[in-house]
Amino acid sequence: MIEVEGLTKRYGDKVAVNNLSFTVRPGIVTGFLGPNGAGKSTTMRMMLGLDRPTAGDVRIDGTHYDRLKDPLTYIGALLDAKAVHGGRSAFNHLLCLAQSNGIPRGRVHEVLDTVGLTAVARKKAKGFSLGMGQRLGIAGALLGDPRILMFDEPVNGLDPEGIHWIRNLMKSLAAQGRTVFVSSHLMSEMALTAEHLVVIGQGRLLADTTMADFIARNSRSFVRIRTPQRERLLDVLHGAGVTVVESGSGVLEVDGGKPETIGELAARHQIVLHELSPQQASLEEAFMQLTAESVEYHAHSETPRDLRRSWGEDWTGRG
Amino acid sequence: MSTPQQPSPQAAPAWQAGPGPAYAAPGGAPGYTSPIPVVRTHLGNAIASEWTKIRSVRSTMWTLGVFVLLVIGIGLMVALLVDANASEGDLAGESPLSFGFFGVLLGSMPILTLGVLTTASEYGTGMIRTTMVACPSRGRVLTAKAIVFFAIAFVVTLVSTGFVAMVDAALFTDAREPSQSEWLKATVGVSFYVALLGLLALAVGSIIRHSAGAITIMIGLLLAPLVIAIFMFSESLEGLRDALFEYSIPSQLGVWYSAELTESGPSGWDPLWIALGVTAAAFAAAFALLEKRDV
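- Under an unreviewed UniProt entry, the name given to chain B is ABC transporter, and the organism recorded is Streptomyces phaeofaciens.

- Looking at an unreviewed UniProt entry, one finds chain A named ABC transporter ATP-binding protein, with Streptomyces phaeofaciens as its source organism.
- Taken from UniProt, the Sequence similarities (unreviewed entry) comment for chain A reads in full: "Belongs to the ABC transporter superfamily."

This is the structure we're talking about:
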């Protein structure tokens, strides 16, 4: 279990992490979500004792990280795949980590096998692809067989097979009763793995809730209908007390409705349906809405044409 | 039996209130327990780790290889040149060991480089974050690095200088017999001194956190005072010039071979005590900064 209390980090005037408090519980995958620059990595670095917090506290099973005598058996962390000396072989990289924590040498072979790097164990890390580097980082995290695991953007640079592998890995680690804390800026990725969500934006806590609750609260589910007998269906649905919204191009949407009820209703009145499908507004949209005000690096949506026009107007104004 | 009173039980966070093992889930279900035996780690673990690190990168072999090549190669070359050109009686009263100086002077550069790389390269590659997560006791990491580096640098220097000294003593039969203290200084003494210079470079690497920058500083420290002193012609600067000569690292290296540039200044084992003081100060700064700064 990880407890974060009032965690704050300032770099000069800039507040990177602002009074953050949350708890990461064992047995489930907790997603740590936020747009780029939200303070996810800074928070994780403070959790691992790499950065000193300006204020606040992080406790790992009740202890400060730098008090842990055998940290790798408590926490395994993947911070970034590049935190490796490129000239050292994968085996020696893991060996020096194992030795610093008194972990038996045999364990190095085990984790290399787990992540599928046994064949390249003696190769220099420099020559590894991003995906292999990511696997080496994960091997380092698993080395101490820790009860808490932290992954910072683990799917970055992985191919679909690798992404699938890491999703299942995280789920199985959590199922063994471990605490799993995963950061991402992709809501869709989190929706597939995480049971609990901690969302931050500009260093502030935006949500700390279960995934199911987040989905229920932030995404709209509706039934999408297309029919050549639009007027009749509208009458029938209206008569049954179902609210229908007409969206463009002849598509009808029923908020929170069940396709079964609508289908049976249509069949009873012999209405032809061309489409009857349950829909869910994307979580990505919900996440973007939640973090809209807190995105640090906005891409300007002004098109070049707009710019030119305002520039031109300025000229005509003067002329 | 009294239990210590919590300052404010209401405000106590869940982790204090919860009974049972600290890592138990709130629901009472136990967290994961690893079959791997948990050991309390100590400095020995960190030393083993640093030993693996230093022996598993190529830059160690390169810098030490160049060091041995310079010390032994130049040492032997100088000896052969002197032997070929010296006429009868030239070397009378001279210590044969003093010809080892030139190799060590040049060889100190790769040692400085290795010292810097031992700490600074981890910052360049990002490895330092992995290291510090594995061993959150930052002081222990730096201590282990210092011990491993010093041991390697000392042993390699001792073997190289010892070899050159033995060759010199065997070659120059018409020179005087070196005293026991001269033997000690030209082998053990100079090895301590060179390893300490490397240790200073290691501390500077930890402070600067940038390999090229730290190496530049160390090479500058090695050569600049002497070069500046050479071009100090003005009489009014005579005092400063003499001090730069006497305390420049090449001159202090010469002390180990009784080949110092001036009659005054450090002598005997003085250079070792000076290097010890400077290195201790650098380490105090390195430790303080390591604790204070973010990794």
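### What to know about the overall build of chain B
Line of reasoning, step 1. Counting its secondary structure elements, chain B contains eleven helices and zero strands.
Line of reasoning, step 2. For chain B, the succession of helices and strands along the chain, N to C, is α-α-α-α-α-α-α-α-α-α-α.
Line of reasoning, step 3. Within chain B, the proportion of its 295 residues that are buried is 46%.
Line of reasoning, step 4. Summed over all atoms, the accessible surface of chain B reaches about 14000 Å², with 68% contributed by carbon and sulfur.

### Comments concerning the overall build of chain A
Line of reasoning, step 1. Check the secondary structure of chain A and you find twelve helices and 13 strands.
Line of reasoning, step 2. In terms of overall dimensions, chain A is more spread out than a globule: its C-alpha atoms have a radius of gyration of 25 Å, far above the 20 Å expected for 319 residues.
Line of reasoning, step 3. For the C-alpha atoms alone, the extent of chain A along its principal axes is close to 75 × 70 × 40 Å.
Line of reasoning, step 4. In chain A, buried positions account for 50% of the 319 residues.
Line of reasoning, step 5. Put simply, of all contacts in chain A between residues at least 6 apart along the chain, 70% involve residues at least 24 apart.
Line of reasoning, step 6. Accessible area for chain A stands at about 14900 Å²; split by element, carbon and sulfur atoms hold 51% of it.
Line of reasoning, step 7. A distance of 7 Å separates the average location of the 36 positive side-chain charges in chain A from that of its 36 negative side-chain charges.

### Details of helix α5 (residues 130-142) of chain A
All names here are of chain A.
Line of reasoning, step 1. Here α5 spans 18 Å end to end across 13 residues, near enough to the 18 Å set by a 1.5 Å rise per residue.
Line of reasoning, step 2. Across the 13 residues of α5, eleven count as buried, placing the element largely inside the fold.
Line of reasoning, step 3. Those residues of α5 not exposed but buried are Gly131, Gly133, Gln134, Arg135, Leu136, Gly137, Ile138, Ala139, Gly140, Ala141 and Leu142.

### Structural notes on the UniProt feature "domain: ABC transporter" (unreviewed entry) in chain A
Line of reasoning, step 1. Those places that UniProt annotates as "domain: ABC transporter" (unreviewed entry) correspond, in this numbering, to residues 2-227 of chain A.
Line of reasoning, step 2. Along residues 2-227 of chain A, the helical share is 34% and the strand share 29%, with 53 Å between the first and last C-alpha atoms.

### Some details on the packing of helix α6 (residues 138-171) of chain B against helix α11 (residues 270-292) of chain B
All names here are of chain B.
Line of reasoning, step 1. Contact pair α6 / α11: the axes reach a minimum separation of 9 Å and the direction vectors enclose 145°. Considering how the two elements wind past one another, α6 and α11 form a crossing that is right-handed. For the pair α6 and α11, the contacting residues are Arg138, Gly139, Leu142, Thr143 and Ala146 in the first and Phe283, Ala286, Phe287, Leu290 and Glu291 in the second.
Line of reasoning, step 2. The residue makeup of the contact of α6 with α11, split by class, is six nonpolar, two polar and two charged.

About the thresholds
Per chain, residues are indexed from 1 in the order of the written sequence. Chains and ligands are labelled by the order in which they are written, letters from A for the one and numbers from 1 for the other. A pLDDT threshold of at least 70 governs which residues receive local features in this predicted model, and a stricter bar of 80 or more applies before side-chain atom pairs are shown or counted, although totals over entire chains, interfaces and linings include all residues. Side-chain metrics rest on all non-hydrogen atoms present in the structure, leaving aside hydrogens and water. UniProt positions are given in the numbering used here, feature names are shortened, and annotations may be inferred rather than shown by experiment. Going along the chain from the N terminus, every DSSP run of H or I of four or more residues is numbered as a helix, and every run of E of two or more is numbered as a strand. To sort residues, take the accessible area from a 1.4 Å probe on protein chains only and compare it with the maximum for the residue type: under 20% means buried, over 50% means exposed, and anything in between is partly exposed. The protein chains shown are the only cover counted for residues, whose accessible areas, like all others here, come from Shrake-Rupley with a 1.4 Å probe. We compute the radius of gyration from the C-alpha atoms alone; for a globule the expected value is 2.2 Å times N to the 0.38, where N is the number of residues. Two residues form a contact once any of their heavy atoms are found within 4.5 Å. For the purpose of charge, His is not counted, nor are the chain termini; Lys and Arg are scored as positive and Asp and Glu as negative. Every charge is mapped to an atom, namely NZ of Lys, CZ of Arg, CG of Asp or CD of Glu. Working rule for helices: expected span equals 1.5 Å times residues minus one. To get an axis, a line is fitted to the C-alpha atoms, and for a helix only the part in contact is used. The angle between two axes follows their N-to-C directions and goes from 0 to 180 degrees. Should the near helix be turned counterclockwise from the far one by less than a right angle, the crossing is left-handed, whereas a clockwise turn marks it as right-handed. The classification used treats Ala, Val, Leu, Ile, Met, Phe, Trp, Tyr, Cys and Pro as nonpolar, Asp, Glu, Lys and Arg as charged, and all other residues, Gly among them, as polar.

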